[in-house]
Amino acid sequence: MSWPALYAQLVGANRHSTSLGKIWLSVLFLFRVMVLMVAAETVWGDEQSDFVCNTLQPGCENVCYDQFFPMSHIRLWCLQLVFVAAPTLLVSMYVAYRNQGDRKKLLQSSGRTGFLSSKNQEEELEALKRRRLPITGPLWWTYLFSVAAKLLFEVGFMYALYVVYDGFRMPRLVQCDQWPCPNLVDCFISRPTEKTIFTVFMATTSSICMVLNGAELAYLVTKAIAR
Amino acid sequence: MPHLLAETMDFVSETRCPRSLMGPRSFLLCYDATPKKCFSPPRSANLPEELLQPPPPLTPKEPGDPEPKMNWASFYAVISGVNRHSTGIGRIWLSVLFIFRILVLVVAAESVWGDEKSGFTCNTQQPGCNSVCYDHFFPISHIRLWALQLILVSTPALLVAMHVAHRRHVDKRIYKLSGRTNPKDLEQIKSQKMKITGALWWTYVISLLFRVIFEVTFMYLFYMIYPGYKMIRLVKCDSYPCPNTVDCFVSRPTEKTVFTVFMLAVSGVCILLNIAEVVFLVGKACSKHLHDAGDSSMGAWIQQKLRSL
């Protein structure tokens, strides 16, 4: 169970999304998950082993690292991506539930009339599976709720990242005086510039996704009002 | 076995073992970290040369290897097959399990605990002290406990799959006996969705109860091994061979606490989903019984309420 499996689950829901939703899914997987997997994880790979403090005191590096990095960027982004991708499954669950209800109705009606041959029935069931539901009624509410939830999670995680790391910039040097470090000790972070670049990149793509979600919300609401 | 011997050999070379017991190929077993508690194995354990060699490194399988791999992906394939015979709540539970537990474990939690032993530093240069203290305070790692929990919690669903397969087998035999050997009819049996009634209902409810029992047991185990669910920053250790009391520092305690609390919360959500599913099934069965019992107005009211849910 990893990112490709999640992608497979979400792509099924793609069929019932708006065009903005499809763009959002592509941006999510191409610019965020892919970049995280192939690039960001190697940048942060040696974050603790190369976190060096100007002291020989054992335990000082562990403690200082824990104080300045309560939660690593990589893990925050992984959780953000998991939470942001999950509301789409609400839509696919609703569609599956609707399809099940419609299939039952179809089978019942064909049973009653009795004139539909089994081949016709199979074709109808297949068409039911492959059709694209219009985004109206309860599906509209489910979809709206999922887009709002996505937006909320994005904003929440971005805010958490900003608050925990005091901005999107990675410092080169942190000064630490936690026990057991003797006095004030300089600790150096590995690859600060590269980490800053990737943090800014992920923040930018997150903002793009937020804008796409906002636009999708506006589109859904105006479409409903026009109807 | 060979890798255990190799580790034992490493351990023994750091303790002071009496010369008389050491021979060219003999070794001592010390389960407790004090030399007085070492003992020599029985004479028949004069092991051949090959077993004392370190084991060969595990080579990755060549691509296109016909042997199936045992990893989370194949586990996912096995368990998601059960999806078809679950209720709606069961499917939600399965999605929560895969996305918020297995996926988070694989992509995030495993890297947090990846350096738990190499990052565990003790304020001493005494060799062996690190290993002994780590082993004393972390008898089993969180990651392994979660992996075991996920496997044990998912397997009752296989009971249901087995029951469905058994029922299908029985239906096939009935069809064959009644002379309907049309392959299309047999195909229909395969693709038919089983209704959760009768013995299957009992199997399903028992599997749900087992899931809840396993979840609660693991949560309790976690609490017993790691009280308070919080990862401590510092442990004080005085096991042999550490001199006096030594400070040992755990790597990434805050991040570990965050993930422990997260996995616990999702575990709680899964317990609630399972209990809700049990209540739903029991309610459905009760309403069915009341409907079958007669046209009681109470039964009709309960049935109407359940339909509107």
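Residues numbered from 1 in each chain as written. Chains lettered and ligands numbered in written order. Predicted model: local features only at pLDDT ≥ 70, side-chain atom pairs only at ≥ 80, totals over all residues. Heavy atoms only, no water.

Chain B has the name Gap junction protein in an unreviewed UniProt entry, where Oryzias latipes is given as its organism. Under the Function (unreviewed entry) heading, UniProt states for chain B: "One gap junction consists of a cluster of closely packed pairs of transmembrane channels, the connexons, through which materials of low MW diffuse from one cell to a neighboring cell." The heading Subunit (unreviewed entry) in the UniProt record of chain B holds the text "A connexon is composed of a hexamer of connexins." (UniProt positions renumbered as here; feature names shortened; annotations may be inferred.)

**Student:** How should a positive patch on the surface be read in this particular structure?
**Tutor:** On the surface, a cluster of positive charge is contributed by A:Arg103, A:Lys104, A:Lys129, B:Lys193, B:Lys195, B:Lys284 and B:Lys288. When residues of the positive patch are traced back to their parent elements, those giving at least two are α5 (87–113) of chain A together with α10 (253–293) of chain B. Checked against the element boundaries, B:Lys284 lands in helix α10. (Patch = residues over 30% accessible without salt bridge, like charges linked within 9 Å, V, L, I, M, F, W, Y side chains within 5 Å. Areas by Shrake-Rupley, 256 points an atom, 1.4 Å probe, with all protein chains shown as cover. Salt bridge = Lys/Arg side-chain N within 4 Å of Asp/Glu carboxyl O. Lys, Arg positive; Asp, Glu negative; His and termini not counted. Charge placed at Lys NZ, Arg CZ, Asp CG, Glu CD. Helix = DSSP H or I, 4+ residues; strand = E, 2+ residues; numbered from the N terminus.)

**Student:** Before we go on, may I ask you to explain the interface of chain B and chain A in this structure?
**Tutor:** The extent of an interface is frequently quoted as the accessible surface area lost upon association of the parts. Contacts between the two partners involve 36 residues from chain B, matched on the other side by 34 residues from chain A. When the two sides are added together, the surface that chain B and chain A hide from each other amounts to roughly 2,900 Å², 63% of it contributed by carbon and sulfur. At the boundary of chain B and chain A, one finds three salt bridges. Of the charged contacts, one joins B:Arg233 and A:Asp66 as a salt bridge, the two residues approaching to 3.2 Å between their closest N and O atoms. On inspection of chain B and its partner chain A, the count reaches 13 residue pairs in polar contact (both at pLDDT 80 or more). Elements represented by at least two residues in the side of chain B that touches chain A include exactly α3 (72–80), α4 (88–112), β3 (121–122), β5 (246–249) and α10 of chain B. (Contact = heavy atoms within 4.5 Å. Buried area = accessible area lost by both parts, 1.4 Å probe. Polar contact = N/O pair within 3.5 Å; in protein donor to acceptor, adjacent residues only side chain to side chain.)

**Student:** Please clarify how the sheet that holds β5(B) should be interpreted in this entry.
**Tutor:** All names here are of chain B. The sheet built from three strands is open, its strands ordered β3-β5-β4 with antiparallel pairing. Across the chains shown, the open sheet's two edge strands, defined by having one partner strand only, are β3 and β4 (234–237). In this structure, β3 lies alongside β5, joined through two bridges in antiparallel fashion. Note that in β5 the partner of Thr121 across the bridge is Phe249. Running at roughly 110° to β4, helix α5 (residues 129–137) makes contact with β3, β4 and β5 of the sheet. (Pairing = 2+ DSSP bridges. Axes fitted to C-alpha atoms, helices over the stretch in contact; angles between N-to-C directions.)

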